[in-house]
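# Notes for the structure review
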Amino acid sequence: MKRIEYIVKSIIPKSYWPEVSYLRYSPLTSDAKKINEIELSCKNEEIMVIGNGPSLLKDIDIIVERVSSCDFVCVNNFATSEYFRILKPSKYVFLDEYFFTKDAHLDWLKQRESTFNAINENTDWKMQIFLPIFADIKVISAVITNPNIELIKLKVVGYDNLSLLKVFKRFDSGRFGPFQGNVLIYAIYLSIWSGYKKISVFGADLSFHKDIEVDQENNHVQFRFRHFNSQDHVER
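Now for a look at the structure at hand. (Residues numbered from 1 in each chain as written. Predicted model: local features only at pLDDT ≥ 70, side-chain atom pairs only at ≥ 80, totals over all residues. Heavy atoms only, no water.)

## Re the overall build of the protein chain
Let me state the cut-off plainly: Put simply, DSSP H or I for four residues or longer makes a helix, DSSP E for two residues or longer makes a strand, and each gets a number counted from the N terminus. Working definition: with a 1.4 Å probe on protein chains only, accessible area under 20% of the residue-type maximum means buried, over 50% means exposed, and in between means partly exposed. Between two residues, a contact is recorded if the distance between any of their heavy atoms is within 4.5 Å. Computed with a 1.4 Å probe, the accessible areas rest on the Shrake-Rupley method; for each residue, only the protein chains presented here act as cover.
Within the protein chain, the secondary structure is distributed over 8 helices and 12 strands. Within the protein chain, buried positions represent 43% of all 236 residues. For the protein chain, restricting intrachain contacts to residue pairs at least 6 apart in sequence, the fraction spanning at least 24 positions comes to 57%. Only carbon and sulfur atoms are counted for the fraction: they give 53% of the accessible area of the protein chain, which is about 13,600 Å².

## Things to note about the environment of Ala187
For Ala187, the location among the structural elements is in helix H8 (residues 183-194). Residue Ala187 is classed as buried on the basis of its relative accessible area of 0%. Sequence-wise, Ala187 and Ile50 are 137 residues apart; in three dimensions their C-alpha atoms are separated by 8.7 Å.

## Overview of the pairing of strand E3 (residues 70-75)
Stated precisely, the cut-off is as follows: For two strands to be treated as a pair, DSSP must find no fewer than two bridges joining them. Handedness is read with the strands pointing away from the viewer; a crossover is right-handed when the path from the first strand over the helix to the second is clockwise.
Most of E3 sits inside the fold, with 6 of its 6 residues counted as buried. The sheet contact formed by strand E2 (residues 46-50) and E3 spans 5 bridges and is parallel. Directly across from Ile50, in E3, lies its bridge partner Cys74. Where the polypeptide runs from E2 across helix H3 (residues 56-65) and back to E3, its parallel neighbour, the crossover connection is right-handed.

## Topic: helix H7 (residues 164-172)
Defined as follows: Think of it as the arc spanned by the lines of direction from the helix axis to the C-beta atoms.
Listed in full, the buried residues belonging to H7 are Val167, Arg170 and Phe171. Along the long axis of H7, the arc covered by the buried residues comes to 100 degrees, so they all point the same way. Residues of H7 that are exposed and point over 90 degrees away from its buried face: Leu165, Lys169 and Asp172. Gly174 occupies a position one or two residues after H7 and carries a positive phi of about 80 degrees.

## Looking at the nonpolar core
The criterion, for reference: Nine residue types can take part in a nonpolar core, namely buried Ala, Val, Leu, Ile, Met, Phe, Trp, Tyr and Cys, and a core is a set of them joined through side-chain atoms within 4.5 Å.
In this structure, Ile50, Ile63, Phe78, Tyr92, Phe94, Ile119 and Ile129 are the most contacted members of the largest nonpolar core, which totals 33 residues. Among the secondary structure elements, those contributing two or more residues to this core are E2, H3, E3, helix H4 (84-87), helix H5 (106-122), strand E5 (127-131) and helix H6 (137-141). Among residues more than four places away in sequence, those in contact with Phe94 are Asn76, Phe99, Phe100, Thr115, Phe116, Ile119, Ile129, Phe130, Leu131, Pro132, Ile140 and Val183. Counting residues in hydrophobic clusters, the runner-up holds 26 residues, among them Ile133, Val156, Ala187 and Leu190.

Laid out in structure tokens, this is it:
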């Protein structure tokens, strides 16, 4: 499919490339919705976007104090934290491919299973889970069967352009959104579409480049994962 996309882009004007990229995913969109086709809840005027970076530890008490006056959107493995049941997020976003693939690293598959089970067993409130256009929704629906949870696959692909007018025009169609490179970007994007007047972001540590190390004994590159709700661990 990527080969076909490359050929088509070589023979049509660049202004049509976003549509070609969108069509590339057409076989995967039968169970997906454009973002402007989704009924997005907005109970309070403010929503807090909760990342899983280590800085969240110093802010979590402040966040908990605002439970009654804010909505929350969480991402990735936050559900394995005790604070998941305290915040009761109305929205949850998965973007990383390992949440939907069957051939991910064994350790990641175990983490995914823990997260899905925590969501399925602990969610006693209404919550929407948002998935990217390329997600295999069956991987999640096989585990998460809780009737309080709505699984929503977004019929949205990433788009960027130097012209903000073109960007906003594409975004308004409901079929395009920001570059799908960071889950917090889509948590914020969904919050904007939901109509919140104030969006606060916590735990958005963009310091992963500091955690790349070289083992001085064997010269192997390794990555140190640091999250607010788990001990640091190293993967090679």
